[in-house]
Every structure is written in structure tokens, then in C-alpha cells.
Amino acid sequence: MFDSPRGDFPAVRMRRVRRHDWSRRMVRETRLSVDDLIWPVFVVEGDQPQAIASMPGVERLSLDGVQRAASEAAELGIPAMALFPATAAELKTEDAAEAVNPDNLVCRAVRAIKSEVGDRLGIICDVALDPYSSHGQDGLVQHGYVVNDATVQVLCQQAIVQADAGCDIIAPSDMMDGRIGSIRAALDAHGFADVQIMSYAAKYASAFYGPFRDAVGSSGNLAGGDKKTYQQDPAATDEALHEVALDLREGADSVMVKPGMPYLDIIQRVKERFAVPTYAYQVSGEYAMLSAAAQNGWLDRQQVMLESLLAFKRAGADGVLTYFARDAARCLTA
Ligand code: PBG
């Protein structure tokens, strides 16, 4: 502390720069913009949108609906949308064969969107088997265990089918070992050298995914009850750095940390260590918590939405996958 010439009063007053909005705007170093938003959207068969009870304000959209949402996202300046199919129960099998069907729901959605918005909006597709498997696991199950290498082979086919439909960014969310290198090689071999890979590099075995599993219908049937043999232990940090290092070496263009708010420390460490495009996923359970409190009148929805998104930027994220993307974009462009 400096000694004050007047003895009793502080010479340094932090509150001076906080007094007026113009001054606060001058000193802040973090900014949230529409460019930071990635919008995850659920797609369903049929022509009607379906509400998702645990995610108020989020719907599973029909192909028409997803096309309209994509146009709106492009209008608002949202750079990219991530698609998640709610696959009909009768199409789910042990081997998740629907994942590699070139005419599956997500591939049709990609084509529908691309015919509408072209390159004004990037399209991201998840690579993992859980929306298609009868057991709800992200990979093939043998003797009660999700097997790694056989799963990676299917994931490579899934990535090719999605790239062929026009997907711009392949986002493996499965946490199998070696999948980034294998998928990169498969994409390159099939003429998709320009398709990006955004790796779910540090993905934790989290209870915050609950509402998502409702949304894609993979929760009721989750064999084994959890994904702890492949997703990371929430108590481990160094593993996250190791995962990111491996995925970058195998060819990932960008990496993701998931969930978001409870894992801001991981985002910060990853960004500081690797200085590559780093994204956070504000997952379904985070959206559900904030929305439920807002619905009860306990939190101000718009303010907590913007504050939570800003926090990801402050931690070092280059962008955020968030179910608030459209609402946030409307606020930020108003
Ligand atoms: C699928 C996948 C999940 C999420 C994104 N991709 C669920 C899971 O791993 O069980 C979660 C997203 C969210 O909760 O919003 N592998």
C-alpha cells in the first residue's frame, strides 16, 4: 500500500474507474460478441417441433425448422451450428448402424441447411454412437465394455458420411483413444482434407449431460449407467492436458472442454498451455439450471446468460457452444 499524503484516506481508489459506464468500458479487457457463439440444435423426424421438458425454451426441430433456424443464425451472424439427431427408437441397434447411413437424419439435416445457407454458416456434426445405439453408449459394447479400436473404425465411417453430406467441422465426442488420428487419415483419404476436426478433447464423465440424454433419447437405456471408462474423471486435471496434446498431435484443428462453467480452470490451463482455438461447451445441465432458476424468478435470465458466457471468454475460451446462442445473439446485436 502507498502511504496517503493525507494520512486517513486511500490514494489509490479502485472505484474511480468504475464510476461511469464509459470508464468501465475503457478498462475491460474481455468482450463477448456474436462471433463467440456456436448453437447446438436437436433435430427430429416429422414436421412438428417437440418441447424438451428439462430444457425450457429448447425444442427438437423438424428438418424445415432446422433450416429456418440455420437461416436465422446466419442472419444474426452466429458463425456455426452443431447438430444432434434424436433418432427414432426403432432405428437404434446394438451396432448403431444408423450412424453410418448416408441418409440418416443428421445427414439430411446437413444437406437441407447447406442448400439454404451455403457457406454463410458452418455446420458441426458430433461423431459418437450414442444417438444411434440401443445401449446409449458412445461406442460398440462387447461383454459389457465399450471397445476402443473397433469403435474407432465405425467413427471413421461416420465422419466420412457426415463430411460427404456437407458437414464443415467433424466433432468427435466419443473419447476413444486414437480417434482423431484415424478420423483425420480417413477424411484425407476420401478427399475431405479441408474438413476441420474440433475435438472434444477434455470431456468429463459429468452428471450435467442429463437433459441432453433426454433430448436425444439416450438416457433411459444407458447400459452400465455411466461413461466413466472413457470420459474423464472430474477430479483429474493433468489428464486433460495430456488428452489435448494427443489430439493436437493427431491433427485436431481446435479443441473443446466440456462441461463449461464447473471446468473453467481446465479451459484456462488448456488455453495457456497450447494457445490453439479452444472452445467451451456450456452443456444441457448448465442451461437447465440457469433456466429453472430464471423460470422461478430467482435469477435474471438475460443477465446470467450474458455473464456466464462472458466468464468463458475471460477464462480464455475462443467461443462457446451454448443453447443460449440465439437469445444471446439477439441481445448482442440489438
Ligand atoms: C454425445 C454427446 C453428449 C453431449 C454432447 N455429445 C452426451 C454424453 O456424452 O453423454 C452432451 C451435451 C450436453 O449435455 O449439452 N457423446
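Residues numbered from 1 in each chain as written. Predicted model: local features only at pLDDT ≥ 70, side-chain atom pairs only at ≥ 80, totals over all residues. Heavy atoms only, no water.

For clarity, the threshold we go by: UniProt positions are given in the numbering used here, feature names are shortened, and annotations may be inferred rather than shown by experiment.
As annotated in an unreviewed UniProt entry, the chain carries the name Delta-aminolevulinic acid dehydratase and is attributed to Roseimaritima ulvae. Entered under Catalytic activity (unreviewed entry) in the UniProt record, the comment concerning the chain runs "2 5-aminolevulinate = porphobilinogen + 2 H2O + H(+)". According to the UniProt record, the Pathway (unreviewed entry) comment for the chain reads "Porphyrin-containing compound metabolism; protoporphyrin-IX biosynthesis; coproporphyrinogen-III from 5-aminolevulinate: step 1/4."

**Some points on the pattern of salt bridges**
Applied cut-off: A pair is scored as a salt bridge if a Lys or Arg side-chain nitrogen falls within 4 Å of a carboxyl oxygen belonging to Asp or Glu. Under the scheme used here, helices are H or I runs from DSSP no shorter than 4 residues and strands are E runs no shorter than 2 residues, and both carry numbers assigned from the N terminus. Note on exposure labels: buried denotes an accessible area under 20% of the residue type's maximum, exposed denotes more than 50%, and partly exposed covers the range between, all computed with a 1.4 Å probe on protein chains only.
In the structure shown here, the tally under the stated rule is 19 salt bridges. Of the charged contacts in the structure, one is a salt bridge between aspartate 238 and arginine 269, with a shortest N-O distance of 3.3 Å. Taken together, the residues aspartate 238 in helix H7 (residues 238–249) and arginine 269 in helix H8 (residues 264–274) connect sequence positions 31 residues apart. On the basis of relative accessibility, which here comes to 33%, the residue arginine 269 falls in the partly exposed class.

**Description of the UniProt feature "binding site: Mg(2+)" (unreviewed entry) in the chain**
Put simply, the test is: What makes two residues a contact is simply this: any of their non-hydrogen atoms within 4.5 Å.
UniProt records the feature "binding site: Mg(2+)" (unreviewed entry) at Glu243, using the numbering of this structure. Mapping glutamate 243 onto the fold places it in helix H7. Residue glutamate 243 is classed as buried on the basis of its relative accessible area of 15%. In this structure glutamate 243 touches Met175, Ala201 and Gln232, once residues within four positions along its chain are discounted.

**A few points about the site of the ligand**
Put simply, the test is: By convention in these notes, a residue is near a molecule or strand provided one of its non-hydrogen atoms lies within 4 Å of it. Polar contacts, as counted here, are pairs of nitrogen or oxygen atoms within 3.5 Å of one another; within protein the pair requires one atom able to donate a hydrogen and one able to accept it, and residues that are adjacent in sequence qualify only if both atoms are side-chain atoms. Only the protein chains shown count as covering a residue, and every accessible area follows the Shrake-Rupley method with a 1.4 Å probe. In this count, Pro and Cys sit with the nonpolar residues alongside Ala, Val, Leu, Ile, Met, Phe, Trp and Tyr, while Asp, Glu, Lys and Arg are called charged and the others, Gly among them, polar.
Taken together, 17 residues are adjacent to the ligand, and Lys203, Arg213, Lys258, Ser284 and Tyr323 come closest. Separating a nitrogen atom of the ligand from a side-chain N or O atom of aspartate 138 is a distance of 2.9 Å. A distance of 2.9 Å separates an oxygen atom of the ligand from a polar atom in the side chain of glutamine 231. Computed on the free molecule, the ligand has an accessible area of 400 Å², of which 100% lies beneath the protein chains in the complex. A breakdown of the residues in the shell around the ligand according to their chemical character gives seven nonpolar, three polar and seven charged.

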